[in-house]
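What follows is each chain in one-letter form.
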Amino acid sequence: MTQDELKQAVARAAIDYVPQGIIGVGTGSTANFFVDELAKIKGRFDGAVASSEATAQRLKGHGIAVYELNEVGELEVYVDGADEITVNMHMIKGGGGALTREKIVAACSRKFICLADKSKLVDVLGRFPLPVEVIPMARSYVAREMVKLGGQPRLREGFVTDNGNLILDVHGLNIMNPVEMETSLNQIVGVVTNGLFARRGADVLLLGTPEGVKTMRA
Ligand code: 5RP
């Protein structure tokens with residue numbers, strides 16, 4: 001099976017978790033497959049909150065109602081992909097640059113369903129460079145702080161987030177304690193959001209493998 005077929009399989013499996021009301025929807029190629037699956041059942045739920053402008057456009061393109069998070073309050077379920085995930089349900093996210101809105105929608109959701117193909121399951125986070133969204137004027141300062149932590153930050157060239165900020169992709173971090181690292185990165189002035197989703201990890205992982213979709217829980 002190709003990686004896209006594995007992503008499609010987990011997207012299909014996630015349909016079982018769609019509530020009747022409003023669902024939170026993430027960003028990226030796996031989330032896109034999920035949006036396409038949602039389109040097939042659009043009469044069965046009320047609409048969605050999107051974690052990015054790109055996802056909002058895709059949802060609207062399918063005729064699915066898109067709501068502002070502030071209009072709806074708490075969500076029952078948030079469905080999104082990940083760049084890396086461990087069996088402890090800690091993740092690196094933000095490969096698509098939507099980490100801030102993803103973290104906000106995840107925080108407002110009772111259940112986080114992570115969709116991933118088997119290449120995303122890792123023992124230790126950090127092979128995938130950690131995305132860090134920064135306020136533009138703090139870019140160099142935050143980069144120096146990342147070097148102090150042992151990372152090699154690289155500016156994501158030509159990319160501006162939906163919030164008007166920049167992304168530093170930090171290579172070479174060995175993230176043995178994701179909760180601690182997420183907390184300390186949050187303390188750096190100028191950091192908007194870091195791509196560690198450990199304090200609020202996933203509740204359910206739907207993992208695409210050639211043998212079928214495996215369900216793992218926190
Ligand atoms: C976007 C994300 C995505 O969930 C992550 O990058 C995975 O993307 P894909 O499903 O394309 O592999 O965090 O900001």
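Fair warning: this is a prediction, and the values are worked out from it, not measured in the lab. (Residues numbered from 1 in each chain as written. Predicted model: local features only at pLDDT ≥ 70, side-chain atom pairs only at ≥ 80, totals over all residues. Heavy atoms only, no water.)

Pairing within the open sheet is antiparallel, and its 4 strands lie in the order S8-S9-S7-S10. Because the sheet does not close on itself, it has two edges, and the strands there are strand S8 (152–155) and strand S10 (191–194). Strand after strand, the sheet turns through a mean of 30 degrees between neighbouring axes, direction not considered. Looking at chain direction, S8 and strand S9 (residues 166–171) are connected through 4 bridges and run antiparallel. Its bridge partner being in S9, Pro153 is matched across the sheet by Val170. Its contacts with the sheet put helix H5 (residues 99–107) on strand S7 (130–134), S9 and S10, and the angle it makes with S10 is roughly 70 degrees. (Pairing = 2+ DSSP bridges. Helix = DSSP H or I, 4+ residues; strand = E, 2+ residues; numbered from the N terminus. Axes fitted to C-alpha atoms, helices over the stretch in contact; angles between N-to-C directions. Contact = heavy atoms within 4.5 Å.)

Quick look at helix H3 (residues 53–61) now. Here H3 has its buried residues at Thr55, Ala56 and Leu59. For H3, the buried positions fall inside an angular range of 100 degrees around the axis, keeping them on one side. Exposed residues pointing more than 90 degrees away from the buried face of H3 are listed as Ala54 and Gly61. Those residues of H3 hidden inside the fold are in contact with strand S1 (22–25), helix H2 (29–40) and strand S2 (47–50). (Buried < 20%, exposed > 50% of the residue type's maximum accessible area, 1.4 Å probe, protein only. Arc of directions from axis to C-beta.)

Backbone geometry at Met89 places phi at a positive 70 degrees, although glycine is not the residue there. Checked against the element boundaries, Met89 lands in the loop between strand S4 (84–85) and strand S5 (91–92).

As enumerated under the stated definition, the model contains 1 aromatic pair in all. Plain terms: the ring middles of Tyr78 and Phe112 are 5.1 Å apart, the flat faces sit at 90 degrees to each other, and that makes the pair edge-to-face. In this pair, Tyr78 sits in strand S3 (residues 75–80) while Phe112 sits in strand S6 (residues 109–117), placing the two residues 34 residues apart along the sequence. No difference in accessibility class separates Tyr78 from Phe112, as the two residues are buried. Taking the ring centre of Phe197 as reference, the NZ or CZ of Lys93 above it sits at 5.6 Å. Sitting above the plane of the Phe159 ring, Arg156 keeps its charged end 5.3 Å from the centroid. (Phe/Tyr/Trp six-rings, centres within 6.5 Å; stacked < 30°, edge-to-face > 60°. Lys NZ or Arg CZ within 6 Å of the ring centre and 35° of its normal.)

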